[in-house]
Amino acid sequence: WFVAVGNLVVNQSVSAAIVPNLAILAKWPKVFTMQSLLQHRQLTQRKMNKLFEGDDYLLSKRYGALLNILFVILTYASGLPILYFFGIIFFSTAYWCDKIAILRACKKPAQYDEKLAMYCTTMMSVGL
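If you're wondering where the values come from, they're calculated on a predicted model, not measured in any experiment.

Caption draft 1: Representation of the side chain of Asp 98 in the model. For Asp 98, the position within the fold is in helix α5 (residues 82-105). When neighbours within four sequence positions are excluded, Asp 98 is seen to be in contact with Ile 24, Tyr 57 and Arg 62.

Caption draft 2: View of α5. Helix length check: α5 (24 residues) gives 33 Å between terminal C-alpha atoms against 34 Å at 1.5 Å per residue, within 8%. Listing the buried residues of α5 in full gives Leu 83, Phe 86, Gly 87, Phe 90, Ala 94, Cys 97, Asp 98, Ala 101 and Ala 105. Buried residues along α5 sit against α1 (2-25), α2 (27-38) and α4 (59-76).

Caption draft 3: Local environment of the nonpolar core. Within the largest apolar cluster, 13 residues are counted, with the highest numbers of intra-cluster contacts made by Val 9, Val 10, Ile 69, Ile 73, Leu 80, Leu 83 and Phe 90. Sorting the residues of this core by element identifies α1, α4 and α5 as the ones contributing at least two each. Aside from chain neighbours lying at most four places away, what touches Ile 73 is Leu 83, Tyr 84, Phe 86 and Gly 87. Residues Tyr 57, Cys 97, Ala 101 and Cys 106 belong to the second largest nonpolar core, which totals five residues.

Thresholds applied
Residues numbered from 1 in each chain as written. Predicted model: local features only at pLDDT ≥ 70, side-chain atom pairs only at ≥ 80, totals over all residues. Heavy atoms only, no water. Helix = DSSP H or I, 4+ residues; strand = E, 2+ residues; numbered from the N terminus. Contact = heavy atoms within 4.5 Å. Expected span 1.5 Å × (residues − 1). Buried < 20%, exposed > 50% of the residue type's maximum accessible area, 1.4 Å probe, protein only. Core = buried A, V, L, I, M, F, W, Y, C linked by side-chain atoms within 4.5 Å.

This is how it looks when you write it as structure tokens:
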């Protein structure tokens with residue numbers, strides 16, 4: 001089992017720990033470059049505001065990625081303890097990538113109430 005399934009789970013966890021966060025972080029250089037190249041070519045204030053506004057930040061996709069990796073780690077880590085390490089890598093890089101994305105590259109996210117966070121907390125306890 002460890003050779004066949006464990007190898008696949010570890011490979012998936014490694015890729016899931018790196019790729020979503022790099023995709024979020026890859027937006028920042030693109031936005032910064034576009035802003036620096038096009039800032040003097042905008043004719044109206046509305047176009048300038050649109051240039052510096054950034055892309056939408058989809059919190060629902062991030063919650064989905066966070067819960068996905070959490071459930072995989074909690075399910076298989078008792079047999080493959082190396083998954084705890086990949087979980088630490090994922091959640092620490094997710095924190096910094098989201099922080100940079102929200103502060104520098106994306107629009108201000110929509111205001112959510114506590115229902116989404118409470119639902120995710122409930123789902124985390126189901127995963128435990």
